[in-house]
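Residue-level listing of the chains:
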Amino acid sequence: MNKLRFGGHPIEIAPGSAPIATGAANAKADHCAQAEMRPAAPPLSRRFSVAPMMDCTDRHCRYFHRLLTRRALLYTEMLAANAVIHGDRARLLAHRPEEHPVALQLGGADPAPLAEAAAIGAAHGYVEINLNVGCPSGRVRDGCFGAALMAEPARVAACVAAMRSAVAVPVTVKCRTGIDNLDSEAHLIRFVETVAAAGATTFIVHARKAWLSGLSPKENREIPPLDYERVYRLKARFPELEIVINGGITSLDAARAHLAHVDGVMLGRAAYHDPWLLAGVDAAIYGAPQQSARKLSRSEVLRAMMRYAEEECARGEALHRITRHMLGLCRGRPGARTFRRILSEGACRPGAGPEVIAEALAAISRMRQVDADQAKAQQC
Ligand SMILES: Cc1cc2nc3c(=O)[nH]c(=O)nc-3n(C[C@H](O)[C@H](O)[C@H](O)COP(=O)(O)O)c2cc1C
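Residues numbered from 1 in each chain as written. Predicted model: local features only at pLDDT ≥ 70, side-chain atom pairs only at ≥ 80, totals over all residues.

The helix and strand inventory of the protein stands at 16 helices and 10 strands. Looking at the 380 residues of the protein, the share that counts as buried comes to 43%. (Helix = DSSP H or I, 4+ residues; strand = E, 2+ residues; numbered from the N terminus. Buried ≥ 20, exposed ≤ 12 C-beta atoms within 10 Å, placed from the backbone.)

Dropping the structure here:
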């Protein structure tokens, strides 16, 4: 291990971490970003996690989120077990060491392919393998996996047992409180009991049921009412299990309130659309002392993303695939709309590169200056 210092604190640098391209003007941000992006991954903790979200939590998104929080557990998008086995594995499972800790979420309903995909995922370095028993999309439902599996606890148990026997890393389950007419508390308890008997010790529970027919996936994230109390009671009933609550949590205050009842909180949309929320996680959720908590400024985050984009674009990646995850970084701040516009329009220009992020950064810096000047003028 090499050691760098950041904010007066030694930081261990994981061997094999990908070097970050330099060349940007700001030396402090260079130092911060290199130091901040390359320490050894912290231990796996599910006290706070960012939810798996298809078309959202890809490797670029996770790299960006990791600049904001050292401690949160990050999840991949769901990958079908068969895609991992038969598809372009190198592309599907690619990630950088700096993203860790990252859990791989798998979709499937058959023990053998799930076990094989889990083994492949673990060999690629993922620190946890999660089974999706919560997604109600038509595609997933027709394959009889995702939330449809809530109706088949014995099958889920067989999948978990097979996956556990294939990997040394933890195997976890993300589920709903129920589906269709199988939505009683007794059914949820039976489900958890059966799957826990196969060795699962962590359940991430989206605190609402899903209607498999009649509601779109989006509606299934909004219409069935949230029932946090049911998840709290699940924890009380199974104190030996790790229960993580998910669904509709939009602030760190709310997350902390849930932590009085359960072991962890998982945020999806709020973290994605308002990523600056993640900048408070290390201090507010993990109690990291202020000086060691990962707390880059927005400008430093943007400079680090410029260097990342420079590397990725040099390898042929399109800029907009990176910047689309960053649109909410200035949400609620002066210039947020301009920032979004520059990033979303600029990144789609042919040949666009990191200079588009620099433009967006310059725009918010100008706005800040105008604000400061106005405040000064009001004082006079
Ligand atoms: C765009 C989008 C994609 C999602 N994809 C997945 C997925 O791949 N796997 C999964 O288990 N849940 C998926 N979800 C559900 C989230 O993980 C989470 O359970 C849900 O959004 C509720 O949490 P929230 O209210 O904090 O967003 C997705 C949600 C969204 C908004």
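What follows deals with the site of the ligand. Among the 23 residues in the neighbourhood of the ligand, the closest are listed as A51, M53, M78, G268 and R269. Counting residues per element, the ones that place at least two in the shell around the ligand are β4 (73-80) and α11 (269-273). (Near = placed C-beta within 6 Å.)

What follows deals with the pairing of strand β9 (residues 242-246). Of all 5 residues that make up β9, 4 are buried, and the element is covered over most of its length. With respect to chirality, the unit in which strand β8 (residues 202-206) leads through helix α9 (residues 228-237) into the neighbouring parallel β9 is right-handed. Where β9 lies against strand β10 (residues 264-267), 3 bridges are found, and the strand directions are parallel. When the sheet's bridge partners are listed, V244 is paired in β10 with G264. (Right-handed = clockwise from strand over helix to strand, strands pointing away. Pairing = 2+ DSSP bridges.)

For the rest of this paragraph, the subject is the sheet that holds β9. Sheet strands pair by backbone hydrogen bonding; their relative direction is either parallel or antiparallel. Taken in spatial order, the 8 strands line up as β3-β4-β5-β6-β7-β8-β9-β10 and close into a barrel, and their pairing is parallel. Taking each pair of neighbouring strands and ignoring which way they run, the sheet shows an average axis angle of 30°. Bridge count for strand β5 (residues 102-107) against strand β6 (residues 128-133) is 4 bridges, and the pairing is parallel. By the bridge assignment for β6, Q105 is matched with N130. (Axes fitted to C-alpha atoms, helices over the stretch in contact; angles between N-to-C directions.)

Further remarks concern helix α5 (residues 111-123). In a regular helix each residue adds 1.5 Å, so 13 residues correspond to 18 Å; α5 covers 18 Å between its end C-alpha atoms and thus fits that length. Residues of α5 that are buried include every one of P111, L114, A115, A117, A118, I120 and G121, and no others. The inward-facing, buried residues of α5 contact α3 (81-86), α4 (89-93), β5, β6, α7 (153-166) and β7 (171-176). Positive backbone phi, approximately 105°, marks G125, located one or two places after α5. (Expected span 1.5 Å × (residues − 1). Contact = placed C-beta atoms within 7 Å.)

If you look at soluble globular proteins, the nonpolar side chains tend to sit buried side by side. Residues V160, M163 and M305 are the most contacted members of the largest nonpolar core, which totals 101 residues. Not counting the four nearest positions on each side in its chain, M163 is found in contact with L114, A115, A118, I129, L131 and V171. (Core = buried A, V, L, I, M, F, W, Y, C linked by C-beta atoms within 7 Å.)

Here we come to the environment of M163. Relative to the helices and strands, M163 resides in helix α7. Counting along the chain gives 48 residues from M163 to A115, while the straight-line C-alpha distance between them is 4.1 Å.

This part takes up helix α15 (residues 336-346). Structurally, the α-helix is built with 3.6 residues per turn, so residues lying three or four positions apart point the same way. Looking only at α15, the buried set comprises F339, I342 and L343. Viewed along the axis of α15, the buried residues span an arc of 90°, placing them on a single side of the element. Of the exposed residues in α15, those oriented more than 90 degrees away from the buried face are R337 and E345. (Arc of directions from axis to C-beta.)

This part takes up the confidence of the model for the protein. The predicted model of the protein has a mean per-residue pLDDT of 87, with 84% of residues at 70 or higher. Note that pLDDT drops below 50 for residues 1-37; the model gives that stretch 70 contacts with residues more than four away or on any other chain. (pLDDT = per-residue confidence, 0-100.)

Right, let's talk about unusual backbone geometry for a bit. Following H100, the chain continues to P101 via a peptide bond in cis, the omega torsion being 5°. Relative to the elements of secondary structure, P101 occurs in the loop between α4 and β5. Phi is positive for D55, close to 65°, though the residue is something other than glycine. One can find D55 in the loop between β3 (48-50) and α2 (59-68). The backbone of D180 shows a phi angle near 45°, a positive value even though the residue is not glycine. Look at D180 and you get partly exposed, because 16 C-beta atoms sit within 10 Å.

With that settled, the discussion passes to the pairing of β7. Burial within β7 is extensive, with 6 of its 6 residues counted as buried. Residues V171, V173 and C175 line one face of β7 and the alternating positions T172, K174 and R176 line the opposite face, and both faces are buried. As paired elements, β6 and β7 share 5 bridges and run parallel to each other. What sits directly across from N130, in β7, is T172. Taken together, the 4 bridges between β7 and β8 define a ladder with parallel strand orientation. Counterpart to C175 in the pairing with β8 is V205. Between β7 and its parallel partner β8, the chain crosses via helix α8 (residues 185-197), and the hand of that crossover is right-handed.

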